[in-house]
Amino acid sequence: MHYSLKPLNEQVIVITGASSGIGLATARAAAARGARVVLSSRNAEALEEACRNIQAGGRQAIRVVADVGRREEVENIAEAAIGQFGGFDTWVNNAGVSIYGRLEEITEEDARRLFDTNFWGVVSGSLVAAAHLKSRGGAIINVGSELSDLALPMQGMYSASKHAVKGFTDALRMELQQDKAPISMTLIKPAGIDTRYPEHAKNYTSKELTLPPPVYAPEEVAHAILFAAEHAKRDIFVGSGSKLMSSMNARMPAVTDWLNRRFTSGMQFRDRPARHREGALQAAGEDGHVQGNYAGHVMKSSLYTRASLHPVVTAAALTVAGVAIAALLAGNGAPRRGREHLQHLH
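Conventions and cut-offs
- Residues numbered from 1 in each chain as written.
- Predicted model: local features only at pLDDT ≥ 70, side-chain atom pairs only at ≥ 80, totals over all residues.
- Heavy atoms only, no water.
- Salt bridge = Lys/Arg side-chain N within 4 Å of Asp/Glu carboxyl O.
- Helix = DSSP H or I, 4+ residues; strand = E, 2+ residues; numbered from the N terminus.
- Buried < 20%, exposed > 50% of the residue type's maximum accessible area, 1.4 Å probe, protein only.
- Pairing = 2+ DSSP bridges.
- Right-handed = clockwise from strand over helix to strand, strands pointing away.
- Axes fitted to C-alpha atoms, helices over the stretch in contact; angles between N-to-C directions.
- Parallel < 35°, antiparallel > 145°, perpendicular 65-115°, else oblique.
- Left-handed = near helix turned anticlockwise from the far one by under 90°.
- Contact = heavy atoms within 4.5 Å.
- Nonpolar A, V, L, I, M, F, W, Y, C, P; charged D, E, K, R; others polar.

Participant: I keep staring at the pattern of salt bridges and nothing clicks. Help me out?
Facilitator: It is possible for side chains bearing opposite charge to pair when their charged atoms get close. A complete count under the given rule lists 22 salt bridges for this structure. For Asp179, the salt bridge is made with Lys134, and the minimal N-O distance between the two is 3.8 Å. In this pair, Asp179 is assigned in the loop between α5 (156–178) and β7 (183–190) and Lys134 in the loop between α4 (108–133) and β6 (138–143), connecting sequence segments 45 residues apart. You can call Lys134 partly exposed: its relative accessible area is 43%. Linking Glu208 and Arg270 is a salt bridge whose minimum nitrogen-to-oxygen distance equals 3.3 Å. Residue Glu208 is found in strand β10 (residues 207–209), and its partner Arg270 is found in strand β13 (residues 269–273); the two are separated by 62 residues along the sequence. Residue Glu208 is classed as buried on the basis of its relative accessible area of 8%. In this structure, a network of salt bridges that share partners links the residues Lys166, Asp170, Arg173, Arg234 and Asp235.

Participant: Got a minute to help me understand the pairing of strand β3 (residues 61–65) in this structure?
Facilitator: A regular strand places its side chains on the two faces of the sheet in alternate fashion. When strand β2 (residues 36–41) meets β3, the two strands line up parallel, connected through five bridges. Bridge pairing links Val37 to Ala61 in β3. Handedness of the crossover joining β2 and β3 through helix α2 (residues 44–56): right-handed.

Participant: Explain unusual backbone geometry to me, please; I cannot follow it from the model alone.
Facilitator: It is generally the case that most residues other than glycine have a negative phi and that most peptide bonds are trans. The peptide bond linking Pro213 to Pro214 adopts the cis configuration, its omega dihedral lying at 0 degrees. On the secondary structure map, Pro214 appears in the loop between β10 and β11 (215–216). One non-glycine residue, Lys180, adopts positive backbone phi at about 55 degrees. Counting through the fold element by element, Lys180 comes out in the loop between α5 and β7.

Participant: Would you mind going over the packing of α4 against α5 with me for this structure?
Facilitator: Axis angle and axis distance: for two packed helices, these are the angle between their axes and the distance between the axes, and together they describe the pair. Viewed as axis vectors pointing N to C, α4 and α5 meet at an angle of 15 degrees, and their least axial separation amounts to 9 Å. Relative to α5, α4 is oriented roughly parallel. The way α4 lies across α5 gives a crossing that is right-handed. Within the contact between the two elements, α4 uses Ala111, Leu114, Phe115, Asn118, Phe119, Val122, Val123, Ser126, Leu127 and Ala130 and α5 uses Met157, Tyr158, Ala160, Ser161, Lys162, Ala164, Val165, Phe168, Leu172 and Leu176. Grouping the constituent residues of the contact of α4 with α5 by class yields 16 nonpolar, three polar and one charged.

Here it is, written out as structure tokens:
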């Protein structure tokens, strides 16, 4: 399938969940590279500040306050982008929230609210975007999770929603390909990311929430999203931890289940009382921050992710490195046996 994706500096990019975390990092990075951006979330004040900061840098941005759980409000985002910029080229479905708690304890109201945002928001955004992009081409980018491929105790409802996002994304991609629509469809699968995700989650437990390591900076997800805006990619894992867990679950699901229930489950909590119990599930939370409050080490980038996005460059770099190491071993620093072996090979 041929996709004609524009350079970022010629694009209009729509981003939901753009008032904090991954969405805000993506909006800033896209604007810095010359894209015109349409920012949407439920938080009007945080969106206004984000737009103002982007515009202060000489870039173009508009805001649309919307709840992606309501189809008509998602349509309003598209109409605003068309009215202001004449259309859009990339649509990023990023808005999402979580619930920490045992499945038997979570109310149906909260579960449905989570699916309204995490799943139906992606469905509405993707279908609205596809209707517009079929005639002009472009990219739809859905932010899933490493939990699109496996599940985690105490985040079962979130895991279920991200599994649903993957199934929907894969099915829509095939239908668009059947129609020969010039639309690239990408699913981003981040590992743990240092955003306000734990604070925004609804917390049914008595302890403060955190993320299991390894944890990566939100800017690394933004990098992957913007790469997908210019290059057709089916899936992008952000962080080797995400790829490792997905691969392990595919090959050894029972072992992965055992590890997650025995070890990873407990890594989701800190040994202190819960503070943000309601989070941002039912109403907009405190936004405006890209980074979160993760207490451990945050990896600024992922060598695995960069390698997966640029395999030819990475292979060349590894080849050069291999030649350099071989030369070093063949030189004065190599043991006599090593040098003799290399000479024998020559």
